[in-house]
Amino acid sequence: IPAPVTANTGFVGIRVPKHRLAKALLERAQVPVAAPSANRFGHVSPTRAEHVLADLAEKHVMVLDGESAESVVPSDPCEFGIESTVVKLERDTKELLIFRQGAVTQSELEDAFRREGITWGIRPVLRTVKMHSTAEPEPSEDATAVPAHETAETPTEPQEGQVAPGQAVTHYAPDIPCFILRGIGDNAAPAEAT
């Protein structure tokens, strides 16, 4: 594999789609297909063709739309609605590193390894890369609203830098302030300080 394809890392990501339309495209192509993600860097991953067009239309992209009435391979939108799991086999340490948690869970990977008699370890790699700074949300007039960033858990495992998509801390964060509301309703008890 040429070095530019691997971004000079020595390894390359291979997508294994489950979606019927993506599988049909690969079967008809009869060659490996190199393709980027269907969204801009840092934007939420799309689950429908209209989401791709909303994000990339000015780039003059062509989109396969399985939900369209004219589709040769009619299909439903994405089954899971979340990103794919990104893993790397580390031959030297006999580990499967999970770079991005996604539709295939760590538990499912562990079950698959057990079924196949594979004794390698499976370890998630925590995201640590800052993508951009985010402004603090405006204070809320509602005393029970707690900014979501204040409820995040502090990582306790060793952290590594970004080597796969979706590892930036704010990659899947909303573009607007997000709050967790506690004590909603007339008879609700006041929220406790955290």
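The rules behind the values
Residues numbered from 1 in each chain as written. Predicted model: local features only at pLDDT ≥ 70, side-chain atom pairs only at ≥ 80, totals over all residues. Heavy atoms only, no water. Helix = DSSP H or I, 4+ residues; strand = E, 2+ residues; numbered from the N terminus. Contact = heavy atoms within 4.5 Å. Salt bridge = Lys/Arg side-chain N within 4 Å of Asp/Glu carboxyl O. Buried < 20%, exposed > 50% of the residue type's maximum accessible area, 1.4 Å probe, protein only. pLDDT = per-residue confidence, 0-100. Pairing = 2+ DSSP bridges. Axes fitted to C-alpha atoms, helices over the stretch in contact; angles between N-to-C directions.

## Some details on the side chain of N39
- Along the chain, N39 falls in the loop between α1 (20-29) and α2 (49-56).
- The contacts of N39, once residues within four sequence positions are left out, are V44, S45, P46, D55 and L56.

## Overview of the pattern of salt bridges
- One pass over the full model with this rule turns up 5 salt bridges.
- Between R40 and D55 there is a salt bridge whose closest N-O contact spans 4.0 Å. With R40 in the loop between α1 and α2 and D55 in helix α2, this pair connects stretches of sequence that are 15 residues apart.
- Here R40 falls in the partly exposed class, since its relative accessible area comes to 32%.
- The partner of E90 in a salt bridge is K88, and the shortest N-O contact between them spans 2.9 Å.

## Remarks on the confidence of the model for the chain
- Taken residue by residue, the chain gives an average pLDDT of 73. The fraction at 70 or more is 66%.
- Low pLDDT, under 50, characterises residues 132-161; the predicted model gives this stretch 41 contacts beyond four residues in sequence or across chains.

## Some thoughts on the sheet that holds strand β1 (residues 86-90)
- Pairing is mixed in the open sheet, where 3 strands are placed in the order β1-β2-β3. This sheet does not close on itself; its edge strands, each paired only once, are β1 and β3 (121-124). Shown here is a sheet whose adjacent strand axes are inclined to one another by a mean of 25 degrees, direction ignored.
- Here strand β2 (residues 95-100) runs beside β3; their pairing, made up of 4 bridges, is parallel. When the sheet's bridge partners are listed, L97 is paired in β3 with R123.

## Observations regarding the side chain of E95
- With respect to the element layout, E95 can be found in strand β2.
- E95 gets classed as buried once you look at its relative accessible area, which sits at 18%.

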